[in-house]
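For reference, the chains in residue letters:
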Amino acid sequence: ILRKISTHREEGVDLQAYDPFWTIVSYYNSMKELGGSVTLLRDDIRTNVQEFRESIRNENAIGELHGGLSSTDLPDVLRRLQLNAEQRNPYDVVTCSNMFSVGVDVDRLGLMLMNSQPKATTEYLQATGRVGRGMAGLVAVLFNQARPRDQSHFETFYDYHSRTQIHVESMTVTPFSEGTLQRALH
């Protein structure tokens with residue numbers, strides 16, 4: 001897709017049709033996995049794989065969105081996520097942690113790689129619901145066969161996805177909410 005898009009850019013073709021798939025959102029369950037993927041994207045993949053070297057334009061085309069970002073960097077990352085394919089310097093890949101699953105509302109994002117199954121169904125639904133908002137989106141879940149949870153989700157994929165609401169964890173109660181105080185304080 002990215003090679004085709006870069007070819008069309010040179011030919012002056014309207015990129016709006018490709019925009020939902022321009023930025024790949026790559027979701028990780030841990031900072032260790034996220035950090036490893038960033039290293040691979042910036043070094044090994046760009047250096048060793050010809051297809052990606054042509055597709056990922058430069059190191060600045062790889063973004064990160066996680067809790068370790070400074071409060072000054074976060075608005076810049078979110079602003080740049082809004083840039084579409086026709087604007088200057090949008091991200092090609094954004095690696096993210098569970099921070100992506102809360103409060104990131106970018107209508108143009110349409111492609112997500114979910115690297116391993118999140119522990120909570122709520123997190124899975126929140127994160128995957130952040131792509132395909134403005135149009136149809138595609139979420140690819142990359143299961144790790146060495147993890148029993150991933151293996152279980154793979155084996156029961158259709159059943160799990162046809163009844164996700166059953167698997168949603170119950171909400172925690174704020175200990176000092178009015179309802180809790182009325183029921184618990186005697």
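Everything below is about the structure printed above this text.
If you're wondering where the values come from, they're calculated on a predicted model, not measured in any experiment. All residue numbers here refer to positions counted from 1 along the written sequence of the relevant chain. Residue-level local features of this predicted model are given only where pLDDT is at least 70; pairs of side-chain atoms are given and counted only at 80 or more, and the full residue set underlies all totals for whole chains, interfaces and linings. As a rule here, side-chain values come from all non-hydrogen atoms in the structure, and water together with hydrogens is ignored.

1. Quick look at helix α4 (residues 73-81)
Okay, step 1: Partly exposed residues are those whose accessible area sits between 20% and 50% of the maximum for their type, while under 20% is buried and over 50% is exposed, using a 1.4 Å probe and protein chains only. Put simply, DSSP H or I for four residues or longer makes a helix, DSSP E for two residues or longer makes a strand, and each gets a number counted from the N terminus. For α4, the set of buried residues is Val77, Arg80 and Leu81. Each buried residue of α4 sits inside an arc of 105 degrees when the element is viewed along its axis, so together they form one side.
Okay, step 2: Summarising the contacts, the buried residues of α4 are in contact with β2 (62-65) and β3 (93-96). Note that the arc is defined by the directions from the helix axis to the C-beta atoms. Contact definition: two residues touch when any of their heavy atoms are within 4.5 Å.

2. Focus on the packing of aromatic side chains
Okay, step 1: Pairing of aromatic side chains here covers Phe, Tyr and the six-membered ring of Trp, requires ring centres within 6.5 Å, and sorts the geometry by plane angle: under 30 degrees stacked, over 60 edge-to-face, intermediate tilted. Counting across every chain of the model gives three aromatic pairs.
Okay, step 2: Seen from their ring centres, Phe143 and Phe154 are 6.1 Å apart, and the 70 degrees between their planes marks the pair as edge-to-face. Here Phe143 is found in the loop between β5 (138-142) and α6 (148-155), whereas its partner Phe154 is found in helix α6, with 11 residues between them in sequence.
Okay, step 3: Taking the relative accessible area as the measure of exposure, Phe143 reaches 25% and is therefore partly exposed.
Okay, step 4: Through successive ring pairs, a cluster of aromatic residues spans Phe143, Phe154 and Phe157.
Okay, step 5: Whether a charge lies above a ring is judged from NZ of Lys or CZ of Arg, which has to be within 6 Å of the ring centre and within 35 degrees of the ring normal. Looking at Arg80, its charged tip hangs above the ring of Tyr91, at a distance of 4.1 Å from the centre.

3. As for the nonpolar core
Okay, step 1: Buried Ala, Val, Leu, Ile, Met, Phe, Trp, Tyr and Cys residues that are joined via side-chain atoms within 4.5 Å together make up what is termed a nonpolar core. Leu65, Leu81, Phe100 and Met112 are the most contacted members of the largest nonpolar core, which has 19 residues in total.
Okay, step 2: When residues of this core are traced back to their parent elements, those giving at least two are β1 (24-28), α4, β3, β4 (111-115) and α5 (121-128).
Okay, step 3: Ile24, Leu41, Ile62 and Val93 belong to the second largest nonpolar core, which has five residues in total.

4. Re the sheet that holds β1
Okay, step 1: Taking strand neighbours across the sheet as the criterion, the five strands line up as β2-β3-β1-β4-β5 in an open arrangement whose pairing is parallel. Two strands lie at the open edges of the sheet, namely β2 and β5, each paired on one side alone. Neighbouring strand axes in the sheet, compared pairwise and without regard to direction, differ in orientation by 20 degrees on average.
Okay, step 2: Between any two strands, pairing holds if DSSP finds at least two bridges. In this structure, β2 lies alongside β3, joined through four bridges in parallel fashion. Paired with Gly63 across the two strands is Val94, which belongs to β3.
Okay, step 3: Sheet strands touched by α4: β2 and β3. Its angle to β2, the strand with the most contacts, is close to 125 degrees.
Okay, step 4: On top of the sheet, α5 reaches β1, β4 and β5; it is set at about 155 degrees to β4, its chief contact. Under this scheme, a helix contributes an axis fitted over its contacting stretch, all axes are lines through C-alpha atoms, and angles between N-to-C directions fall in the 0 to 180 degree range.

5. Focus on the pattern of salt bridges
Okay, step 1: Salt bridge, as applied in this entry: a Lys or Arg side-chain nitrogen positioned within 4 Å of an Asp or Glu carboxyl oxygen. Under the defined criterion, the tally for this structure stands at five salt bridges.
Okay, step 2: The partner of Arg108 in a salt bridge is Asp19, with the nearest N and O atoms 3.1 Å apart. With Arg108 in the loop between β3 and β4 and Asp19 in the loop between α1 (2-11) and β1, this residue pair connects regions lying 89 residues apart in the sequence. Comparing Arg108 with Asp19 shows no difference in burial state: the two are buried.
Okay, step 3: Through salt bridges with shared partners, a single ionic network connects Asp105, Arg130 and Arg133.

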